[in-house]
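Architecture at a glance
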Amino acid sequence: MTRAIVLVLDSFGIGATPDAARFGDAGADTLGHIAAACARGACDLPSGPGAGRQGPLELPNLARLGLLHAHHASTGNWAEGLTLPDAVVGAWGHARELSSGKDTPSGHWEIAGVPVRFEWGYFPNKQQSFPPELLEALVQEAGLPGVIGDCHASGTEIITRLGEAHVESGKPIVYTSADSVFQIAAHEEAFGLERLYSVCETARRLLAPYNIGRVIARPFLGERAAGTDAASFTRTANRRDYSVEPPAPTVLQKLHDDGGTVVGIGKIADIYAHCGITRTLKASGHDALMDATLAAMDDTGAHSLIMTNFVDFDMVHGHRRDVAGYAAALEHFDARLPELLGKLQDDDLLILTADHGCDPTWTGTDHTREHIPVLALGAGLTAGPLGARETFADIGQSLASHLGLAPMDDGESFLPSAASSTPLSNATGGH
Ligand SMILES: O=P(O)(O)O[C@H]1O[C@H](CO)[C@@H](O)[C@H]1O
Ligand SMILES: [Mn+2]
Ligand SMILES: [Mn+2]
């Protein structure tokens, strides 16, 4: 009953990579800087989302899997204020990225054994970011009255700034970031959700010559409150990503082609451009994503991969530079981990990891080039260090080995060559 469960904590970096300076990210450390802010009392949340969180960061279950040791190996520092576990039960390490970008598809594809060795196209951070001929073609082919935006922006800031102009004019808001991305924001009701998706599909087609990784639909709702100047626009859960296909078959594709089952939860199917996905479970919010993961563990049989992307760390907290919210989300995720550990079966391999960093204390609103944690349990692994991994693809190679697939072209497996028969129930103390 060989299964693998991969949880991607989107943007949960554990310290800058050796090449971070090239990205302006030398010194970035998502976990370390959140921990430091919590330790100095800067992340107390008396009310609102995450209410009740206060003081030093507490991640006892992730710490037992080796998170703090992995962060220490990555940065040379112990994350401030966290309690070291009595015993580490997992195999832990940190990995650097071979891919040229620090974006979500690159990170996920490399985790699945396929690094991105080519350079993506990017749009410059200047007044008019997009080529005029591209926007003209989009307006023409999608039958739009025009577009507004045309710049680098944070998605929440730009709808606050331009939401009303969009609703009044019917012109969608187009913007980008340090990622290889073309994002389109539009009001779900005033503009229409299906119409927004259709405009995104047109954009996806027109962007082919520009080598852009993703088009993202960013629907929102809200209005200007009557009699005031305050407009409140909020993004909805109906975001949709239109990624190009991975440059080579990922371990998901290989498992799928081998007759296995690949369950993609949350954004996973979109990120892999629906390549190699057997079943998609959509869910919004970390609780629903965790619930869907637990349900999938209950009803997914042998020769399978369950992969979940926990997007709110990145989308709701990292890009918003919301340090306290990120801390609360981590603690909430940690508190739910025992439920998942309790469902592991003896032949399961569990991997917790990330796809890039998004240090909420860093300048700007973009991702940060960081090591990712590699926390693994099962498949004959013994508790202890996996060392500094040269590529995220070591995860994909380990998955291929665990699932009995032909080796991937990249990456080195960290599983013991002949998996020992140490049952998971012994390693986790009964979980
Ligand atoms: O600011 P928002 O719209 O959340 O966008 C962020 O999310 C996108 C995907 O990670 C990135 O391109 C970044 O710009
Ligand atoms: Mn991401
Ligand atoms: Mn992001």
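Look up a bit, the structure's there.
Residues numbered from 1 in each chain as written. Chains lettered and ligands numbered in written order. Predicted model: local features only at pLDDT ≥ 70, side-chain atom pairs only at ≥ 80, totals over all residues.

Side note on the overall build of the protein
Within the protein one finds 14 helices and 14 strands. For the protein, the C-alpha radius of gyration of 21 Å lies close to 22 Å, the compact-globule estimate for 431 residues. The buried share of the protein, taken over its 431 residues, is 53%. Counting only contacts in the protein whose residues sit at least 6 apart along the sequence, the fraction spanning at least 24 positions is 68%. (Helix = DSSP H or I, 4+ residues; strand = E, 2+ residues; numbered from the N terminus. Rg over C-alpha atoms; globule rule 2.2 N^0.38 Å. Buried ≥ 20, exposed ≤ 12 C-beta atoms within 10 Å, placed from the backbone. Contact = placed C-beta atoms within 7 Å.)

Some words on helix 10 (residues 286-299)
The periodicity of an α-helix, 3.6 residues per turn, causes residues three or four places apart in sequence to face the same way. For helix 10, built from 14 residues, the straight-helix expectation of 20 Å at 1.5 Å per residue is met to within 8% by its first-to-last C-alpha distance of 20 Å. For helix 10, every residue scored as buried is listed here: His286, Leu289, Met290, Thr293, Ala296 and Met297. Each buried residue of helix 10 sits inside an arc of 120° when the element is viewed along its axis, so together they form one side. For helix 10, the exposed residues lying more than 90 degrees away from the buried face are Asp298 and Asp299. Lining the buried residues of helix 10 we find strand 1 (3-9), strand 9 (261-265), strand 10 (279-281), strand 11 (304-310), helix 11 (312-318) and helix 12 (323-341). (Expected span 1.5 Å × (residues − 1). Arc of directions from axis to C-beta.)

Notes on the pairing of strand 5 (residues 181-187)
Most of strand 5 sits inside the fold, with seven of its seven residues counted as buried. Along strand 5, one buried face is formed by Val181, Gln183, Ala185 and His187 and the opposite face, lined by Phe182, Ile184 and Ala186, is buried too. Here three bridges tie strand 4 (residues 173-176) to strand 5, and the two strands are oriented antiparallel to one another. Within strand 5, the residue paired with Ile173 across the bridge is Ala185. Turn length for the strand 4-strand 5 hairpin, with the two strands adjacent in sequence and antiparallel, is four residues. Sheet topology places strand 5 next to strand 6 (residues 214-224); seven bridges connect them, and they run parallel. Residue pairing for strand 6: Phe182 is matched across the bridge by Val215. (Pairing = 2+ DSSP bridges.)

A look at the site of ligand 1
For ligand 1, the full set of nearby residues is Thr104, Ser154, Gly155, Ser177, Asp179, Val181, Gln183, Arg218, Met315, His319 and Thr365. When its residues are assigned to classes, the shell around ligand 1 shows two nonpolar, seven polar and two charged. The residues that make up the shell around ligand 1 include at least three from each of domain 1 (3-118 + 247-403) and domain 2 (132-243). (Near = placed C-beta within 6 Å. Nonpolar A, V, L, I, M, F, W, Y, C, P; charged D, E, K, R; others polar. Domains from an automatic or database assignment.)

Some points on helix 7 (residues 188-206)
Across its 19 residues, helix 7 extends only 23 Å between first and last C-alpha, which sits more than 12% below the 27 Å expected from 1.5 Å per residue. Buried residues of helix 7: Phe191, Leu196, Val199, Cys200, Ala203 and Leu206, and no others.

Describing unusual backbone geometry
Phi is positive for Ser11, which is not a glycine, with a value near 85°. Its place among the elements puts Ser11 in the loop between strand 1 and helix 1 (30-39). Phi at Asn211 takes a positive value of approximately 60°, unusual for a residue other than glycine. Among the secondary structure elements, Asn211 is positioned in the loop between helix 7 and strand 6. Note on Asn211: 13 C-beta atoms within 10 Å, which makes it partly exposed.

Brief notes about the pairing of strand 1
A regular strand carries its side chains on alternate faces of the sheet. The buried fraction of strand 1 amounts to seven of the seven residues, a majority that puts the element mostly inside the structure. Every second residue of strand 1 is oriented toward a common face, with Arg3, Ile5, Leu7 and Leu9 on one face and Ala4, Val6 and Val8 on the other, all of them buried. Bridge count for strand 1 against strand 11 is seven bridges, and the pairing is parallel. Pairing of Arg3 across the sheet is with Ser304, part of strand 11. In this sheet, strand 12 (residues 348-353) lies alongside strand 1 in parallel orientation, the contact comprising six bridges.

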